[in-house]
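# A look at the structure
Letter by letter, the chains look like this.
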Amino acid sequence: MTGRIVHPGETPWSMTERVCVTTLRPDAGLWTPLWWWLCLGAALALLAGGMVSVAWLFYAGLGIWGIDWPVAWGFDILNYVWWIAIASGGTFISALFFLLRAPWRTSLNRLAESLTLCAALCAAIFPILHLGRPQFFYWLFPYPNTMGLWAQFRSPLVWDFFAILAYVLCSVLFWYFGLLPDLATLRERAQRRWQRVFYGVLALGFRGSARQWRHYQPVYGVMAALMAPLVVSVHSIVGMDFAGGAATGWHSTQFPPFFVFGAGLSGFAIVLLAVIPLRPALGLQPYITDWHIDVLGRLLLTASLCVAYAYVMDVFSTFYGPDQADRTMFAFRLHGLYAPVYWGTIMLNIVFPQLLWWRGVRMNQPVVWAISLGVLVGMWLERFQIIVSSLARTQLQSAWGQYTPTLWEWSLLAGTIGLFLTAFLLLVRFIPMLAMAEMRAVLEDRP
């Protein structure tokens, strides 16, 4: 097993040296690879467009978006659900597989957790903008209003607030706590004063003493045990937001597991999308091997099969059930204005990932990368058809309508992608993308 996780001949010292040199760059001054600057420039350009869109939104109001009656939820909510699903990949890999004692996750957990934080940052933007008055963002908190009335604690929207808040806070703490030993290593190996101060402050006095390790290891295990059910609960509650509504196509008990399956599919796809190009860029091929790509490909295939089951159950419950409005809405998905969205979802999320049954395809990294990118696009299309097509065909025929996103909504989506890439590139540059402390344990246990 260890031979597939890490290349032969690697030692704890060589691994630490390689990762520290990549992060600290002691022989290159402040020089950073050209690819990093090019990617950062593209990300900042997208982010600038998103900032312009937000500024115009603050000035002109929600009228610049395409939302209207009956489709009062558009890009704001579907992008929120899409980003929060992407954020689950790091938790699945880092926490769940830590509890399952899967040794291969050691090579991937830091990178996956970093993706989680960046995606959660993007997701947090949309509920605030959806308020219509972003300066009153604190209205999202369930507190008594001016009339002394408390929030409705039986509402899934209130559960959603607490679940998302707990998930984001615990994700940050879990990521940062796991990073402490590596920050201490960078502090000791740094040659410049600003690096020693920077990483020394972040390390919070961690010295690697026997006493610190005696407390560190059980606490890390407890945090992993907390994160595993949190990632399931947060997406279950997001699904309950829809299932608790009386809108056509939403009022279904299958939505909580449906959203959990989709979160796993999105999460594994974003990890593959990042791992494949970063392996050669950061020189991590000895520690993130082809076998890791194979494992992630199998996980992506498994998640795709789970989502396929959810799609089949959606069709079955719609046409087996008694509600004619649900059947009319589903026929609209199949043949109506948004039919390309539905069939694109099926192709990208279900059909193309079936190629991963063959190991030769899983070992072809450009193909796996393209499938992963297609899955992310397909999951975005799925959110679009769930939210928009359900609202566009209500139970009252005279209230039917349609939704067309505007340029400002597309610009905001591109801006959040730019924010995600900018935050992730900064983490890649200044934070080790390999958990050195955990990898040392793997290398030392190797026979």
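The text that follows walks through the structure, step by step, so that each part is easy to find.

Procedures and definitions
- Residues numbered from 1 in each chain as written.
- Predicted model: local features only at pLDDT ≥ 70, side-chain atom pairs only at ≥ 80, totals over all residues.
- Heavy atoms only, no water.
- Helix = DSSP H or I, 4+ residues; strand = E, 2+ residues; numbered from the N terminus.
- Contact = heavy atoms within 4.5 Å.
- Phe/Tyr/Trp six-rings, centres within 6.5 Å; stacked < 30°, edge-to-face > 60°.
- Buried < 20%, exposed > 50% of the residue type's maximum accessible area, 1.4 Å probe, protein only.
- Lys NZ or Arg CZ within 6 Å of the ring centre and 35° of its normal.
- Core = buried A, V, L, I, M, F, W, Y, C linked by side-chain atoms within 4.5 Å.
- Patch = residues over 30% accessible without salt bridge, like charges linked within 9 Å, V, L, I, M, F, W, Y side chains within 5 Å.
- Areas by Shrake-Rupley, 256 points an atom, 1.4 Å probe, with all protein chains shown as cover.
- Salt bridge = Lys/Arg side-chain N within 4 Å of Asp/Glu carboxyl O.
- Axes fitted to C-alpha atoms, helices over the stretch in contact; angles between N-to-C directions.
- Left-handed = near helix turned anticlockwise from the far one by under 90°.
- Expected span 1.5 Å × (residues − 1).
- Parallel < 35°, antiparallel > 145°, perpendicular 65-115°, else oblique.
- Nonpolar A, V, L, I, M, F, W, Y, C, P; charged D, E, K, R; others polar.

Now for the environment of Val275. Mapped onto the elements, Val275 comes out in helix H10 (residues 255-282). Among residues more than four places away in sequence, those in contact with Val275 are Leu108, Leu111, Ile288 and Ile293.

In this structure the tally under the stated criterion is 39 aromatic pairs. Taking the centre distance of 5.0 Å and the plane angle of 85° together, the rings of Trp36 and Trp37 count as edge-to-face. The class for Trp36 is buried, based on a relative accessible area of 5%. Aromatic ring contacts, followed pair by pair, group Trp73, Phe242, Trp250, Phe255, Phe258, Phe259 and Tyr311 into a single cluster. The ring of Phe259 is capped by Arg383, whose NZ or CZ atom sits 5.2 Å from the centre of that ring. One residue, Arg429, lies across the ring of Phe430, its end atom 5.1 Å from the ring centre.

The next thing to look at is the nonpolar core. One finds Trp83, Trp104, Phe242, Phe384, Phe424 and Met433 to be the most contacted residues of the largest nonpolar core, which totals 138 residues. Looking at which element gives the most residues to this core, the answer is H10, with 15 residues. Leave out the neighbours within four places in its chain, and Phe242 touches Trp73, Ile77, Val81, Trp250, His251, Phe255, Phe259 and Ile387.

Turning to a nonpolar patch on the surface, a few remarks are in order. Taken together, the side chains of Phe137, Tyr138, Trp139, Leu140, Phe141 and Tyr143 make up a nonpolar region of the molecular surface, amounting to roughly 580 Å² of accessible area. Residue Leu140 is classed as partly exposed on the basis of its relative accessible area of 34%.

This brings us to the packing of helix H13 (residues 339-351) against helix H15 (residues 365-392). At their nearest, the axes of H13 and H15 sit 8 Å apart, and the two run at 145° to each other. Between H13 and H15 the crossing geometry is left-handed. Of the residues in H15, those in contact with Val341, Tyr342, Gly344, Thr345, Leu348 and Asn349 of H13 are Gly374, Val375, Val377, Gly378, Met379, Leu381, Glu382, Phe384 and Gln385.

Spanning 27 residues, helix H3 (residues 34-60) covers 39 Å between terminal C-alpha atoms, matching the ideal 39 Å at 1.5 Å per step. Where H3 is buried, its residues meet helix H6 (109-130) and helix H16 (407-430). Where H3 terminates, the next one or two residues include Gly61, which has phi positive at roughly 90°.

To characterise two packed helices, one gives the angle between the axes of the helices and the distance between these axes. Remark: helix H5 (residues 88-99) packs on helix H7 (residues 156-189), axes separated minimally by 12 Å, with the N-to-C direction vectors making an angle of 50°. Viewed along their axes, H5 and H7 adopt a mutual orientation that is oblique. Crossing of H5 against H7: the hand is left-handed. Contact residues: Ser88, Thr91, Ser94 and Ala95 in H5; Tyr167, Ser171 and Phe174 in H7. A class-by-class count of the residues in the contact of H5 with H7 yields three nonpolar, four polar and no charged.

Our focus in this paragraph is the pattern of salt bridges. Applying the stated criterion to the full structure yields eleven salt bridges. With a closest N to O distance of 2.5 Å, Glu438 and Arg105 form a salt bridge. With Glu438 in helix H17 (residues 436-444) and Arg105 in the loop between H5 and H6, this pair connects stretches of sequence that are 333 residues apart. The exposure classification of Glu438 matches that of Arg105, with both residues buried. Of the charged contacts, one joins Arg298 and Asp294 as a salt bridge, the two residues approaching to 3.3 Å between their closest N and O atoms. You can see Arg298 and its partner Asp294 sitting in helix H11 (residues 290-320), four residues apart, about one turn around the helix. Residue classification places Arg298 among the partly exposed positions, given a relative accessible area of 37%. Each of the salt bridges in this network shares a partner with another, and the network as a whole consists of Asp294, Arg298, Arg359 and Arg362.

For H5, with twelve residues, the first-to-last C-alpha span of 16 Å sits near the 16 Å given by 1.5 Å per residue. Of all twelve residues making up H5, ten are buried, and the element is well covered by its neighbours. Those residues of H5 lying buried are Ser88, Gly89, Gly90, Thr91, Phe92, Ile93, Ser94, Ala95, Phe97 and Phe98. Taken together, the buried residues of H5 touch helix H4 (75-86), H6, H7, helix H9 (210-243), H10 and H11. Once H5 finishes, Arg101 follows within two positions and takes phi at roughly 60°, a positive value.

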